[in-house]
Every structure is written in structure tokens, then in C-alpha cells.
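The lines below spell out each chain.
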Amino acid sequence: MADKNKVAEQYYAPPPDLGKWEGFKIFLWNSETGQFLGRTGSSWAKILLFYLIFYLILVGFFAAMLTIFYQTLDSKMPKWQMDASLIGNNPGLGFRPMPDTDAAVESTLIYYKANDKGSVLKWATVIDDFLKQYQKKGSGSGEVPGAENRVPCSANSAALGEKQVCDVPIDDFHPCTPANQYNYEEAGPCVFLKLNKIFNWTPNPYNNTEDLPANMPDDLKQHIKLVSGKKEANTVWVSCEGENPADVENIGPVQYIPRRGFPSYYYPFTNKEGYLSPLVAVLFEKPRTGVLINIECKAWAKNIFYDRYERRGSVHFELMVDRS
Ligand SMILES: *[C@@H]1O[C@H](CO)[C@@H](O)[C@H](O)[C@H]1NC(C)=O
């Protein structure tokens, strides 16, 4: 009789039909079996112990791999340099102010209305932000880290100390100054050029009139003739021109401030604290208003290779100034 009962108990019996809330309460805490959330205390203890060990081993493995990886790196210099690196040894040019890439992806158009204060201020603010790193004082109190390493340099100055870097005096950019809102109001905007930093790259400058490339603009050739043989000639030269014949006509006179390129004494960049990329402010004195002008600026050195389509050694942007 007792045996028969046991067999009968093995048949599946539907669980008692409990209400939703009742069922949930039993799931939370089943007093009959001592189960909490479907597991007994020892079951919970085992599973927690398992995951504890599992994650400890995972963390340990990850940390060990990261440590081994960091052993191969130097925080001060890139592991792959110059030819061995992906960025290569051909520095590109950059320009500021960069148009807001959130608004229009890949836009390179500097467009504003010269007599609209808001429109002028928008671009002036972008340049202000960019030039902040060039100031000695941070926005708060105290100096920018590394600013104390910056010393005035010239073509004739002595070699730099181990920590020293050449200063880039932003007071030299008149009329491309913050107080003057970089001349945007005068309908003659300034655009700042910089050479992208490549660790340990040193320019091989065109410092005399021999073997100047045939495609070099004549005004730049003239300029090099004037300084040829002098120490000032050790410069990565820049030139900005209209891209198409119509642009050449519309661009108007161009000035390079404070000089026509990036002096060699700023190179090589070796990631010393406080290093600043030298800048050239390009002043477009009188661009034709109301038309879009395609502008291409190039950097010139014997070891900078130019390719318009790959944008190597050059930068392209458009300028459009409206009067009203
Ligand atoms: C011109 O540049 C070359 C290569 O960098 C350099 O060796 C030479 O001294 C420079 N000439 C002058 C006058 O500085």
C-alpha cells in the first residue's frame, strides 16, 4: 500500500493554482523548501563563490596582459616613429578656425557677415579657444603646465636646454589679435596655419635659391631670394593661393604674419612639456565679398611632399565674406 502511494506521487501534478501575487511571494521566499529567489542559501553561496573566483581570475588575467603591454611602451615618445609609423613622416597642414563639424560634417567653409557682430564673434571665439594654450596664464589662476619651459627663440639664439622649448609669442600677430577680433570685422579675416606635429621630424628647408621647385609661387621664390643664405632662411615656407583662376582673382592680397613660415628652430618636436606648434597668421586683406573663394595653402620644405588629391603637405578651405 505504502509503495503504491509512492508511485502515485511521482506523477506530475499541476502546481497549485496561485494568484500572481501569491506565486511571486513564494518565489521570493519559499518557507517550505527554504528557497530565496528560487535557490537555497547554500546554493546561493556556491554560485556567488563561483562567480567571485571567476571574475577574480578574469581581472587578474586582464591586469597581467595590460602590464605586459605597458612594458613595451614609453609614455614620452611613440613606439613607432617616422617611416615606421602610420602617420608617416610627411607633416600635414591644419587651419584655424575650423568650422563647426557638428553642424556640417567635413565642412571647411569659413563664412561670415562682416557687419554682423554675432557672426564675427562666433569665429573670434573659436580662435580664442584655440589660442588659449599659447597663453602663459590659464583661464583660472596659475600658469599653464610647462609654460615656464618656454623661452624666446630667434634664428640666432643658442641651443635649447634639455627642458626648454621655443615660445610662440601671440602678441606678434597684429592685426590678427584677439582685441581686434582677428580682423574679421574689417572684412579681412585672419586664418591661422599650423604644421601637424610629427615626433622627431626635422625640416630640410629651402634655405637658398638653388633647386627651388618649379611649381613654387613666384612671390615665395622672391622672398627666399631675399633671405637666401641667412639663418632666417631655415624655415618651412607657406603659400596660400586661390585654387581656380576665378579664386586667384577673388582672393586679393595675402599677408603672412609674423613671418612667412615656421622657423626650423621649433623642430624637432620631442614632446617636451609646454611645446607649442608655431603658427602663421594668414591675413586675407581684401577678399571679394559675396563670393565663395577656394583657397589652398601649402607648406614648403625639401622633405614635405605635396599631393593635392591626398591633401598631403597642404590644406584646403573656402572663405566667404558677406557685407550684409
Ligand atoms: C640650409 O639647410 C641645410 C639643411 O638643413 C643646412 O645643413 C644648412 O646649414 C642650411 N644653411 C644655412 C645657411 O643655414
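Residues numbered from 1 in each chain as written. Predicted model: local features only at pLDDT ≥ 70, side-chain atom pairs only at ≥ 80, totals over all residues. Heavy atoms only, no water.

### Some details on the overall build of the protein chain
Going by this rule: Secondary structure is summarised from DSSP: a helix means a run of H or I of at least four residues, a strand means a run of E of at least two, and numbering begins at the N terminus for each. The size measure is the radius of gyration over C-alpha atoms, and the globule rule it meets is 2.2 Å times the number of residues to the 0.38 power. Here the term buried applies to any residue with accessible area under 20% of the maximum for its type, exposed to any over 50%, and partly exposed to those in between, with areas from a 1.4 Å probe on protein chains only. Should any heavy atoms of two residues lie within 4.5 Å, those residues are counted as being in contact. Here Asp and Glu are counted as negative and Lys and Arg as positive; His is not counted, and neither are the chain ends. Taken as the charge centre is NZ of Lys, CZ of Arg, CG of Asp or CD of Glu, depending on the residue.
Scanning the protein chain from terminus to terminus reveals 6 helices and 14 strands. For 324 residues, the compact-globule estimate of 2.2 N^0.38 gives 20 Å, and the C-alpha radius of gyration of the protein chain, at 33 Å, exceeds that figure by more than 25%. Dimensions of the protein chain along its principal axes, counting C-alpha atoms only, are 120 × 50 × 45 Å. Looking at the protein chain as a whole, 37% of its 324 residues qualify as buried. Residue pairs at least 24 apart in sequence account for 70% of intrachain contacts in the protein chain once pairs closer than 6 positions are excluded. Within the protein chain, one finds 34 positive and 37 negative side-chain charges whose respective centroids are separated by 3 Å.

### Let's talk about the domain arrangement of the protein chain
Applied cut-off: Segmentation into domains, and thus their bounds, comes from an automatic or database assignment.
For the protein chain, the assigned domains are domain 1 (1-72) and domain 2 (83-322). Domain 1 and domain 2 are separated by 66 Å when their C-alpha centres are compared.

### Brief notes about the state of the cysteines
Our working definition: Two cysteine sulfur atoms make up a disulfide if the distance between them is within 2.5 Å.
Applying the stated criterion across every chain, the model contains 3 disulfides. Note that C176 is cross-linked by a disulfide to C190, the S-S spacing being 2.0 Å. Disulfide C176-C190: the torsion about the S-S bond is -70°, which places it as left-handed. Of this pair, C176 sits in the loop between β7 (165-166) and β8 (190-195) while C190 sits in strand β8, placing them 14 residues apart in sequence. Using a relative accessible area of 1% as the deciding quantity, one classes C176 as buried. When the bonded cysteines of the protein chain are counted from the start of the sequence, the pairing works out to 1-2, 3-4, 5-6.

### Thoughts on the side chain of N250
Along the chain, N250 turns up in helix α6 (residues 245-251). Not counting the four nearest positions on each side in its chain, N250 is found in contact with K286, P287, R288, V291 and I293.

### What to know about the packing of aromatic side chains
To describe a pair of aromatic rings, one takes the distance between the centres and the angle between the planes. We count it as follows: By convention, a stacked pair of Phe, Tyr or Trp rings (six-membered ring in the case of Trp) has centres within 6.5 Å and planes under 30 degrees apart, an edge-to-face pair has planes over 60 apart, and any other such pair is tilted. Over a ring means this: the NZ of a Lys or the CZ of an Arg is within 6 Å of the ring centre and within 35 degrees of the ring normal.
In the structure shown here, the tally under the stated rule is 18 aromatic pairs. Pairing F199 with F269 gives two aromatic rings, centres 6.2 Å apart and planes at 80°, and the pair type is edge-to-face. Of this pair, F199 sits in the loop between β8 and α5 (218-227) while F269 sits in the loop between β11 (261-263) and β12 (279-284), placing them 70 residues apart in sequence. Overall, the relative accessible area of 11% leaves F269 in the buried class. Through successive ring pairs, a cluster of aromatic residues spans F50, Y51, F54 and Y55. Taking NZ or CZ as reference, R39 lies 5.8 Å from the ring centre of W44, over its face. Directly above the aromatic system of W80 lies the positively charged group of K79, at a separation of 5.7 Å from the ring centroid.

### With respect to the pattern of salt bridges
Threshold: A pair is scored as a salt bridge if a Lys or Arg side-chain nitrogen falls within 4 Å of a carboxyl oxygen belonging to Asp or Glu.
Per the stated rule, a full pass over the model turns up 4 salt bridges. In this structure, the salt-bridge partner of D129 is K132, at a minimum N-O distance of 3.2 Å. If you follow the salt bridges from partner to partner, you end up with E296, R308 and R311 in one network.

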